[in-house]
Amino acid sequence: MAIGDYESTATSLEGEENLIAAAEHIVKALGSNKNFTKDVKKILADLGSQLSTMATIEDNMVEGKKSGIEEQLSVVEEKIMSWESDDSMIWDSGPDEVSEYLSAVDGARKLTERLENRCLSSQEEKDLLCRAHDVLQMAMQRLEDEFKHVLVHHRQPFEPEPMSFRSSEDDAVEEGSIVSFGDESVEESALRDSISRNSEEFIVDLVRPDVISDLKCIANLMFSSNYDHECRQAYILVRKDALDECLFNLEIEKLSIEDVLKMEWGTLNSKIKRWVRAMKVFVRPYLVSEKWLCDQTFSELGSSNSVCFVEAAKAPMLQLLNFAEAISIGSHQPERLVRILDMYEVLADLLLDINALFSDEAGSSIRIEYQEVLKRLADTVRVTFLEFENAIATNASTSPFAGGGVHHLTKYVMNYIGLLADYNETLNLLLKNHDGAAATSLSPDTSPATGEESITKDFSDSCSPMALHLQSLTSVLEANLDEKSKLYRDASLQHFFLMNNIYYMAQKVKNSELRLIFGDKWIRKHNWKFQQHAMSYERATWSSILSLLKDESNSSSGSTSRTVLRERLRSFYVAFDEVYKTQTAWLITDVQLREDLRISTSLKVIQAYRTFVGRQMQHIGEKHIRYNAEELQDYLLDLFEGSQKSLHNPNRR
């Protein structure tokens, strides 16, 4: 019997059975009503007689039907068995062969159901049912292999588009530079990689679109044959491998929490960057597309789509989340803060996607774990932020910073704060319940300047949590710098050092996005501070020297007066030479500040020198004039270059 003849016979037999069942139902329904007319009663009697006759005929045909079912089973069995010795795949043999095979499998399913619904009394009938089960099982195993084959061999290559990374670069930070955080060397982060938050959610085809209907057809047939578990497991196995491959291509390794905790920061830093990018790509678009494929395949099979998706995605998702958890329980060293913020932001950005992808009961464990990791990272950000402040406060130096320039600690802190500006919204959110910490972190006696307004008065009550915390950091830094300045024995160098560092802080805020966070009031205050230190430097350096050039109108004339004047001028030259030798080694890296201080100093020194020499030339004598005003001015231009020089002029005595 051909497959077509089998289908016709099976349809005829099923039609007869359905007709008999319907007639019996009508008889019972009508029989319950006793108020019939004679005509209705006659019709019912005739119908009952016919049904009785048909039942007798059916009893007589039982043996014939048995032989018909057996014949049908033989036909589908032959078709199904024909592929058992064939190593090729049915779905590679063309649509006609696929259609015939599916018809045979569906026939085996229906025959099995018919036999199961009968009251089988004889051993022959039971053997026939057992045979039908064997044929159906053989077909299901084949369909499972075909299902995997279609999923694997029709996969589309997944190549994520290049991600958009935003960066925040500090113009004073050189790439790859090493700066000292006090007495220890740390890597200064010049560039900040962060995932773009503007990428649109989109779906890519993970398998060829034209095979979706085949996958759906196989799944429906396996489910209707009570082989739903086998179908789900086949799907989960194949798609989990695909998800694992995606992570591998994104350079995500399988690491235990212990592995992560043991890593050196340089290695871990690179892995965090890769993790941030991989997390974004893996969830959106890959998992979104994976969910779509699963929905399409199992769309008519209840909750199976969700179960299959969750089971396939669970292990890869937990692999990613375990890494984040390891970071959250690891070291809270300051240099990790930016990277932890990167991780928090990408998880927060994808939270809605995760809640949608794992929205039902099947995905609740992943959804809950994701939210827990996000919370732990938030806590880690807060703790690391406070650790950063503590590290600044406790950073100690045993010797003065050479040249009185901008200390490494100042550069590190301000460049770091500059990077944090990119996380303004996130830090405001995470620190909003901790805004009291910034206001109370400094005691009054730790203020870098006596009588300085308290930190809470520097900012209005409407100041953002992040601004309060960053203000706290800069105040702690100033207090530390004030302590470091006391390591200098020279009072002028103390003020010079503080001028340099506070000016650097003010410029960093003024010329960056930090201005919007700190505000103009903070900038004005710190401009005033460094100017005060500049004036204090000038007084400490030049007041006693310039006092030698003061006009003393009540001095007596004569040889004693000339001797005193000459001695005063000689003392001025000695003092000037010493300042020149010392302060050419002092350093002001900022060109504008260096020029401004030179000009300010020059105006005072040259004016006093020119006035003194002009008035006292006749008493001193030209041979005692070592430098003219223009030469002194040129020498002043050599100051603050960071390279020590000595004055010598062979043409002068």
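Overview of the structure. What you are looking at is a predicted structure, and each value in this text was computed from that prediction instead of being measured.

**Topic: the overall build of the protein**
The secondary structure content of the protein amounts to 23 helices and four strands. With 653 residues in all, the protein has 47% of them scored as buried. When contacts within the protein are restricted to residue pairs at least 6 apart in sequence, those whose partners lie at least 24 apart make up 82%. Working note: accessible area of the protein is about 32,600 Å², and carbon and sulfur atoms make up 49% of it.

**Let's talk about helix H20 (residues 520–546)**
Since the α-helix advances by 3.6 residues per turn, residues separated by three or four positions end up pointing in the same direction. Between its terminal C-alpha atoms H20 stretches 37 Å, which fits the 39 Å expected from 27 residues at 1.5 Å a residue. At Ala540, H20 is deflected by roughly 35°, the largest bend along its length.

**Examining the packing of helix H8 (residues 265–297) against helix H10 (residues 337–349)**
Two numbers describe how H8 lies on H10: the axes approach to 10 Å, and their chain directions differ by 10°. It follows from the interaxial angle that H8 and H10 lie roughly parallel. When H8 is examined against H10, the residues Trp265, Asn269, Ile272, Lys273, Trp275, Val276, Met279, Lys280 and Arg284 are found in contact with a partner set consisting of Arg339, Asp342, Met343, Val346, Leu347 and Asp349. Class assignment for the residues of the contact of H8 with H10 results in eight nonpolar, one polar and six charged.

**Some remarks on the nonpolar core**
In this structure, Trp275 and Phe572 are the most contacted members of the largest nonpolar core, which totals 174 residues. Among the elements that take part in this core, H8 stands out by supplying 15 residues, more than any other. If sequence neighbours within four positions are ignored, Phe572 has contacts with Ile545, Leu546, Leu548, Leu549, Val605, Tyr609 and Leu632.

**Concerning the environment of Ile625**
In this structure, Ile625 sits in the loop between helix H22 (591–620) and helix H23 (629–636). Looking at Ile625, the relative accessible area reads 9%, which means it is buried. C-alpha separation for the pair Ile625 and Leu569, spaced 56 residues apart in sequence, amounts to 8.1 Å.

**Remarks on the side chain of Ser602**
Tracing the chain through its elements places Ser602 in helix H22. By relative accessible area, which is 10% here, Ser602 ends up buried. Discounting residues that sit within four places of it in the chain, Ser602 has contacts with Gln607, Gln633 and Leu636.

**So, the packing of aromatic side chains**
Taken as a whole and judged by the stated rule, the model has 26 aromatic pairs. When the centroid spacing of 6.4 Å and the interplanar angle of 40° are considered together, the rings of Phe147 and Tyr235 count as tilted. Here Tyr235 lies in helix H6 (residues 228–249) and Phe147 lies in helix H4 (residues 123–153), a separation of 88 residues in the sequence. As far as the burial class goes, Phe147 and Tyr235 line up, both buried. Geometrically, the ring pair formed by Tyr488 and Phe497 is tilted, given 5.4 Å between the ring centres and 55° between the ring planes. Of the two residues, Tyr488 and Phe497, neither departs from the other in class, the shared state being buried. An aromatic cluster of at least three residues, connected via ring pairs, comprises Trp542, Phe572, Tyr573, Phe576, Tyr580, Tyr609, Tyr627 and Tyr635. The side chain of Lys291 reaches across the aromatic face of Phe309, ending 5.9 Å from its centre.

**As for unusual backbone geometry**
Notably, Asn226 is not glycine yet its phi reads approximately 65°, a positive angle. When you line up the elements, Asn226 lands in the loop between helix H5 (212–224) and H6. With a phi angle near 65°, Glu251 is a residue other than glycine that sits in the positive phi range. One can find Glu251 in the loop between H6 and helix H7 (257–261).

**Details of the side chain of Asn500**
Looking at where Asn500 falls in the secondary structure, it is placed in helix H18 (residues 491–510). For Asn500, a relative accessible area of 2% translates into the label buried. Among the polar contacts made by the side chain of Asn500, one reaches the main-chain carbonyl oxygen of Leu587 at a distance of 2.8 Å. If sequence neighbours within four positions are ignored, Asn500 has contacts with Gly404, Gly405, Val406, Leu587, Ile588 and Leu593.

**So, the pattern of salt bridges**
Per the stated rule, a full pass over the model turns up 37 salt bridges. Look at the salt bridges and you will find they share partners, linking Asp106, Arg109, Lys110 and Glu113 into a network.

**Re the environment of Lys529**
Its location among the elements puts Lys529 in helix H20. Through-space distance from the C-alpha of Lys529 to that of Leu498 is 9.0 Å; in sequence the pair is 31 residues apart.

**Quick word on the environment of Lys411**
Tracing the backbone shows Lys411 in helix H13 (residues 408–420). Sequence spacing of Lys411 and Asn501 is 90 residues, and the spatial spacing of their C-alpha atoms is 8.7 Å.

**Re the state of the cysteines**
According to the stated counting rule, one finds zero disulfides in the structure shown. Free of any disulfide, Cys294 has its nearest cysteine sulfur in Cys308, 4.9 Å distant.

**A look at H6**
Here H6 is 22 residues long and its end C-alpha atoms lie 32 Å apart, about the 32 Å a rise of 1.5 Å per residue gives. The set of residues buried in H6 consists of Cys231, Arg232, Ala234, Tyr235, Ile236, Val238, Arg239, Ala242, Leu243, Asp244, Cys246 and Leu247. Count one or two residues on from H6 and you reach Glu251, which has phi positive near 65°.

**Some points on the packing of H13 against H18**
Their axes nearest at 10 Å, the elements H13 and H18 cross at an angle of 15°. In terms of their interaxial angle, H13 and H18 are classed as roughly parallel. Crossing angle aside, the handedness with which H13 passes H18 is right-handed. Counting all contacts with H13, which are made through Thr410, Lys411, Met414 and Asn415, the residues of H18 involved are Asn501, Tyr504, Met505, Lys508 and Val509. Residue composition of the contact of H13 with H18, by class: four nonpolar, three polar and two charged.

Criteria and cut-off values
Residues numbered from 1 in each chain as written. Predicted model: local features only at pLDDT ≥ 70, side-chain atom pairs only at ≥ 80, totals over all residues. Heavy atoms only, no water. Helix = DSSP H or I, 4+ residues; strand = E, 2+ residues; numbered from the N terminus. Buried < 20%, exposed > 50% of the residue type's maximum accessible area, 1.4 Å probe, protein only. Contact = heavy atoms within 4.5 Å. Areas by Shrake-Rupley, 256 points an atom, 1.4 Å probe, with all protein chains shown as cover. Expected span 1.5 Å × (residues − 1). Bend = angle between axes of the 7 residues up to and from the residue. Axes fitted to C-alpha atoms, helices over the stretch in contact; angles between N-to-C directions. Parallel < 35°, antiparallel > 145°, perpendicular 65-115°, else oblique. Nonpolar A, V, L, I, M, F, W, Y, C, P; charged D, E, K, R; others polar. Core = buried A, V, L, I, M, F, W, Y, C linked by side-chain atoms within 4.5 Å. Phe/Tyr/Trp six-rings, centres within 6.5 Å; stacked < 30°, edge-to-face > 60°. Lys NZ or Arg CZ within 6 Å of the ring centre and 35° of its normal. Polar contact = N/O pair within 3.5 Å; in protein donor to acceptor, adjacent residues only side chain to side chain. Salt bridge = Lys/Arg side-chain N within 4 Å of Asp/Glu carboxyl O. Disulfide = S-S within 2.5 Å. Left-handed = near helix turned anticlockwise from the far one by under 90°.

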